[in-house]
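Below, each chain spelled out in residue letters.
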Amino acid sequence: MSKKEQEDVKEYSFQAEMEQLMHLIVHSLYTHKEIFLRELISNASDAMQKLRFIELTEKDIEGVGEELKINIKLDEKKNQIIVEDNGIGMTEEELKQNLGTVAKSGTLNFLKELKAKENESKTDLIGQFGVGFYSVFMVANEVTVKSKSYQKNEKAMQWTSTGTGKYSIAPSDKNNRGTEIIIQLKKEEKEYTGEYTIKNIIQKYSSFVEFPIQVGEEHVNKSSALWRKKTSEIKTEDLNEFYKFISHDFNEPLGHIHLNAEGALTYSALLFIPEKTTIDVFQKPDEFHVHLYLKKVFIQNDCKELLPSYLRFLKGVVDSEDLPLNVSREVTQHSAVLAKIKKALTSRVIKLLEGWAEKEPEKFLKFYKGFGNIFKEGVESDYENKDKLVNLLRFKSSSLKDDAWTSFADYLGRMKAEQKKIYYLGGRNLESLRSSPALEYFSVRGIEVLLITDLIDEYLMPVIAKYNEMEIIHVEKAEVESSENKAEDTLDENDKKNFISRIKNILADKTEDIRESNRLVNSPCILVSSAGPMNPQMEQMMKMMNPDYKAPKKIMELNFNHPLIRKLVESHKKDAVSPELEKSVKTMFDALTLLEDKLENPNQLVENLFEYMNQSLA
Ligand code: ADP
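Residues numbered from 1 in each chain as written. Predicted model: local features only at pLDDT ≥ 70, side-chain atom pairs only at ≥ 80, totals over all residues. Heavy atoms only, no water.

1. With respect to the overall build of the protein
Within the protein, the secondary structure is distributed over 23 helices and 22 strands. Since a compact globule built from 618 residues should have a radius of gyration of about 25 Å, the 37 Å found for the protein marks it as more spread out than a globular shape. Seen along its three principal axes, the alpha-carbon backbone of the protein occupies a region of about 130 × 50 × 40 Å. Looking at the 618 residues of the protein, the share that counts as buried comes to 50%. Summarising the internal contacts of the protein: among those between residues at least 6 apart in sequence, 72% fall at separations of at least 24. Accessible surface, the protein as shown: approximately 31800 Å² in total, 49% of it carbon and sulfur. Each charge sign in the protein was given a centre, from 87 positive and 101 negative side chains, and these centres are 1 Å apart. (Helix = DSSP H or I, 4+ residues; strand = E, 2+ residues; numbered from the N terminus. Rg over C-alpha atoms; globule rule 2.2 N^0.38 Å. Buried < 20%, exposed > 50% of the residue type's maximum accessible area, 1.4 Å probe, protein only. Contact = heavy atoms within 4.5 Å. Areas by Shrake-Rupley, 256 points an atom, 1.4 Å probe, with all protein chains shown as cover. Lys, Arg positive; Asp, Glu negative; His and termini not counted. Charge placed at Lys NZ, Arg CZ, Asp CG, Glu CD.)

2. Notes on the confidence of the model for the protein
Detailed reading of predicted coordinates is not advised where the pLDDT is low. In this model, the protein carries an average pLDDT of 87, and 90% of its residues clear a pLDDT of 70 or more. Note on residues 123-130: pLDDT under 50 across the span, and 30 contacts to partners over four residues away in sequence or across chains. (pLDDT = per-residue confidence, 0-100.)

3. Here we look at the packing of helix α3 (residues 35-57) against helix α7 (residues 195-206)
Following both chains from N to C, one finds α3 and α7 inclined at 65°, their axes separated by 9 Å at the closest point. As for the relative orientation of α3 and α7, their crossing is right-handed in sense. In this structure, α3 contributes Ile-35, Leu-37, Arg-38 and Ile-41 to the contact, and α7 contributes Ile-198, Ile-201, Ile-202, Tyr-205 and Ser-206. Residue composition of the contact of α3 with α7, grouped by class: seven nonpolar, one polar and one charged. (Axes fitted to C-alpha atoms, helices over the stretch in contact; angles between N-to-C directions. Left-handed = near helix turned anticlockwise from the far one by under 90°. Nonpolar A, V, L, I, M, F, W, Y, C, P; charged D, E, K, R; others polar.)

4. Focus: the sheet that holds strand β17 (residues 449-452)
Pairing in this open sheet of five strands is mixed, and the strands run β15-β17-β16-β19-β18 from one edge to the other. With one partner strand each, in any of the chains shown, β15 (396-397) and β18 (466-467) form the two edges of the open sheet. Relative to β17, strand β16 (residues 421-426) is paired through four bridges, and the arrangement is parallel. Bridge pairing in β17 links Leu-425 to Leu-451. (Pairing = 2+ DSSP bridges.)

5. Quick word on the pattern of salt bridges
All chains considered together, the criterion is met by 41 salt bridges. We note a salt bridge from Lys-174 to Glu-84, for which the minimum N-O separation is 3.8 Å. Taken together, the residues Lys-174 in the loop between β6 (166-171) and β7 (178-185) and Glu-84 in strand β3 (residues 80-85) connect sequence positions 90 residues apart. By the burial criterion, Lys-174 is buried, and Glu-84 matches it. (Salt bridge = Lys/Arg side-chain N within 4 Å of Asp/Glu carboxyl O.)

6. Regarding the pairing of strand β13 (residues 297-300)
When strand β12 (residues 289-294) meets β13, the two strands line up antiparallel, connected through three bridges. Across the sheet, residue Leu-292 finds its bridge partner in β13, namely Gln-300. Counted along the chain from β12 to the antiparallel partner β13, the turn is two residues long, and its residue Lys-295 has a positive phi close to 50°.

7. Brief notes about the side chain of Thr-346
Mapped onto the elements of the fold, Thr-346 is located in helix α11 (residues 336-359). For Thr-346, the contacting residues outside a window of four places in its chain are Pro-308, Tyr-310, Leu-311, Asp-382 and Asn-385.

8. What to know about the environment of Glu-384
Following the sequence through the fold, Glu-384 ends up in the loop between α13 (377-381) and α14 (386-391). C-alpha separation for the pair Glu-384 and Lys-497, spaced 113 residues apart in sequence, amounts to 53 Å.

9. Quick notes on helix α8 (residues 236-247)
Counted at 1.5 Å a residue, the expected span for α8 with its 12 residues is 16 Å, and the 16 Å between its end C-alpha atoms agrees. Taken residue by residue, α8 has Leu-239, Asn-240, Phe-242, Tyr-243, Ile-246 and Ser-247 as its buried positions. Summarising the axial view, the buried residues of α8 lie within an arc of 165°, below the 170-degree limit, and thus occupy one face. When the buried face of α8 is taken as reference, the exposed residues oriented beyond 90 degrees from it are Glu-237 and Glu-241. (Expected span 1.5 Å × (residues − 1). Arc of directions from axis to C-beta.)

10. With respect to the sheet that holds strand β22 (residues 554-558)
The sheet built from three strands is open, its strands ordered β20-β22-β21 with mixed pairing. Single-partner strands in this sheet number two, and they are β20 (511-516) and β21 (525-528). If you compare each strand with its neighbour and ignore which way they point, the axes differ by 20° on average. As paired strands, β20 and β22 are joined by five bridges and run parallel to one another. The partner of Glu-516 across the bridge, within β22, is Leu-558. Where helix α19 (residues 493-506) meets the sheet, its contacts fall on β20 and β22, and the angle it forms with β20 comes to roughly 165°. Helix-sheet contacts for helix α22 (residues 579-595) involve β20, β21 and β22, and the interaxial angle to β21 is about 55°.

11. Description of the packing of aromatic side chains
Taken as a whole and judged by the stated rule, the model has 28 aromatic pairs. A centroid spacing of 5.9 Å and a plane angle of 45° characterise the contact between Phe-364 and Phe-367, whose relative ring orientation is tilted. Of this pair, Phe-364 and Phe-367 both sit in helix α12 (residues 361-375), three residues apart, roughly one helical turn. For the residue pair Phe-364 and Phe-367, the accessibility class agrees, reading buried in each case. Each ring, one from Tyr-368 and one from Trp-405, has its centre 5.7 Å from the other, and the planes form 75°; the classification is edge-to-face. (Phe/Tyr/Trp six-rings, centres within 6.5 Å; stacked < 30°, edge-to-face > 60°.)

12. A short note on the nonpolar core
Ile-273, Phe-313, Phe-367 and Phe-408 are the most contacted members of the largest nonpolar core, which has 78 residues in total. Not counting the four nearest positions on each side in its chain, Phe-313 is found in contact with Phe-272, Ile-273, Pro-274, Val-281, Phe-367, Phe-371, Ile-374 and Phe-375. Counting 67 residues, the second-largest nonpolar core is a separate cluster that includes Ile-54, Tyr-134, Phe-211 and Val-215. (Core = buried A, V, L, I, M, F, W, Y, C linked by side-chain atoms within 4.5 Å.)

As structure tokens, then:
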């Protein structure tokens, strides 16, 4: 440096808060150091956006018409990184203002929050913050910012600092518009001169920055921020490609929503419904797949605040303009901005599904089969949208073929005028449901019953409770009218009574009551409950939580029109204490328990079955 040049170097002290801030950043931010590059690229991109704006109105500017891009040079020998842009650049005054003072209130708040957490682990908090330009001192010994403003009469200047106390300003040899940040890395941060490392960091955080980022000869960020385009300008191929890029899915998505909101809040969202579900979605209810961006710059992976849990299978991005720059996980958790976005997105997704349900039922069912069981959680958790979600529920039905589904609305449409309730029956699979004795009463009378095989549906039915003022009840809880056809029932009422009291005796510790049935047609007997049914899986769960748990006993109903029951009554009449009768009754009870999928020890039943076979063949 010549004497004249040395005279031109001016030393300045950082503002007091600035120094504190830098100290904290450098000494507390030991995780996520890589974000320094995101911050610098972000600043460069902002500077170029500003320039593009100025170019609209001013023609007499430095380097007019140049292609805007970011250039990153790596120098392993000198242990340096240079980040260069041709944005608006900075004048001497701007260098001092922008890089020497705490201008942003966000930065000050950051400082306050850090101080408040003095004795706690700061890494969690800080690691998630964007701390702007100064984060470069996490990895740098010394930083020189050479800059030449777009204003033609301004000289190129440079700002240099080691990040402690002072910085200097001096004339610079930079002869083109923009800013060049020369980062002298600390010895232990040598990895950042590696091309592979740097490219990875760029891909992770800055893939969608709209200006080209060049590392050596390579243009690293090839994806465009598709979500910012007008819906009409987005091609299906681009959507599919973008989806595959962010989701790592090989399949094309089933559908998507795209929003460009402007007004009270400005944001874009591009969310996809995958074609197929993955086991993860079920096993990890805390995992979300929507990434949060702030002005095209990546902020947070899998942000939990953008969708309700029951829509966690959606994948995509949300890009907000309204978040504070220093956004952290703690900030997103309490952000009113994100809460509003979440509400809007939820409505849009539901609207999309309603559209499918109405106009593309096959697509809707594809969705429903894949994600229905997650989506249904919303019926309980999203009070605001409950009615809409209930309308989207689909069930199998006793009146429809195996592969057909019905909504509550369609069920109501088929209902007879005199029917006052919606009935359902739950069980392990459709086949066993269709042949269940519990259905006989309804089949004979042509009353439709919804058949459900998902545990969550059995759980939800009582939560929904009513549809269109119509009560939804389990068939077991239905009040049944006495059977009109008692022609075959020629048994003496007294014999029946005696028989019932004998059975009560035999099954005293296993049943709540024994009574004559009005609901059976072809089956000899059935178990029903006064309290309403409990699904076997649910029972299993109760037992897991409490080993002493005992399921409530059930009521056994007998069909006196059935030959087997009639024979038993006759046999009882002849010999009231017959051990054969006792055995038959116990076997019958075991068989009913088996039908309910709740028989814990099937040995006795099987043994009896073999014996009866042997007798019948004799
Ligand atoms: P923030 O980006 O949050 O404003 P920074 O500390 O990162 O905070 O940067 C401070 C200011 O310095 C920026 O607001 C901008 O005016 C200026 N600046 C930083 N980098 C550049 C750049 N590459 N080109 C032009 N101006 C820049």
